Amino acid sequence: MNTRNNPLHLWVQAREMALMGYVTRIIILETGLTDKQVRRIYRDLEDDGMDVSKNRTSNAIKSGASLITNQLSKLHASLMMGLYRRIGGRPVESSTCILALDRAYRMYRAVISEIAPVSSPMDKEAFQMFTISDAWCLASEMRSGEAMFEYCGDCGSDFFTSVNQATGIHCPHCFQPQNAKGGAMPAVEVFAEPA
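Everything quoted here is computed from the prediction, not taken from an experiment.

Draft legend 1. Local environment of the side chain of R85. Looking at the secondary structure, you find R85 in helix α5 (residues 71–88). Those residues in contact with R85, other than ones at most four positions away along the chain, are R90, V92, E93, F149 and D158.

Next comes the structure, spelled out in structure tokens:
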């Protein structure tokens, strides 16, 4: 029996997506439910005492142009989408897997919360952590061929890039911003403290 098109499965999936913080339009696109049905799910969740608005910071579907704007956002996109590709495998490059995306997003948030207290020179760059809807937008670009992973021959790392991105940075791992005198800033060395 194919449970993917089962109406109950679609309602459960929409409910889980609403709780994760996906915007309404993405829930509609992924489940095929109508706007009225999704609003009903929101009402049911609120009647059950759940606050669906706390995980949703915006109602917009964005693109690489507004999500990948500098080195830090490109590093975040590479981390999050790398986790997504690792969890979902090669199939996520041609179709979106909500379960893999949800798991990758949870891992991304955990990693960021662990490293956030560590001070770095990039802290001065304005960056808001990606939302689950942002993750879906990047996954959608990868699915459509507008985004992909590239390999850097200099550092040997894969990094996520979008044809729509608003930055000219090639590899975010190798990129060294210019200092005020026009030269590259020195690389930052990170030393692990003993446990």
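Here the narrative resumes.
Draft legend 2. Representation of the pairing of strand β2 (residues 158–162). Counting buried positions along β2 yields four of five residues, so the element is predominantly enclosed. With antiparallel pairing between neighbouring strands as the criterion, strand β1 (residues 147–151) and β2 make up a hairpin whose turn holds six residues, including G156 at a positive phi of roughly 80 degrees.

Draft legend 3. Quick look at the nonpolar core. Ranked by internal contacts, the top residues of the largest apolar core, which has 42 residues, are Y22, M81, Y84, L138 and F160. F160 has contacts with I68, K74, A77, S78, M81, L138, M142, A147, M148 and F149, leaving out every residue within four places of it along the chain.

Draft legend 4. Just helix α6 (residues 98–115), in detail. Taking 1.5 Å of rise per residue, 18 residues should cover 26 Å, and α6 covers 26 Å from first to last C-alpha, within 8% of that figure. Among the residues making up α6, those that are buried are I98, A100, L101, D102, A104, Y105, Y108 and I112. Here the buried face of α6 lies against α1 (7–20), α2 (24–31), α5 and α7 (132–144).

Draft legend 5. Main features of the pattern of salt bridges. Per the counting criterion, the structure on display carries seven salt bridges. In this structure, D48 engages R15 in a salt bridge whose closest nitrogen and oxygen atoms are separated by 3.5 Å. One end of the pair, D48, is in the loop between α3 (35–47) and α4 (64–67); the other, R15, is in helix α1, with 33 residues separating them in the sequence. In this structure, the salt-bridge partner of R85 is E93, at a minimum N-O distance of 3.8 Å. On the accessibility criterion, R85 (19% relative accessible area) is buried. Residues joined by salt bridges that share partners form a network here, namely R85, R90, E93 and D158.

Parameters and conventions
- Residues numbered from 1 in each chain as written.
- Predicted model: local features only at pLDDT ≥ 70, side-chain atom pairs only at ≥ 80, totals over all residues.
- Heavy atoms only, no water.
- Helix = DSSP H or I, 4+ residues; strand = E, 2+ residues; numbered from the N terminus.
- Contact = heavy atoms within 4.5 Å.
- Buried < 20%, exposed > 50% of the residue type's maximum accessible area, 1.4 Å probe, protein only.
- Pairing = 2+ DSSP bridges.
- Core = buried A, V, L, I, M, F, W, Y, C linked by side-chain atoms within 4.5 Å.
- Expected span 1.5 Å × (residues − 1).
- Salt bridge = Lys/Arg side-chain N within 4 Å of Asp/Glu carboxyl O.

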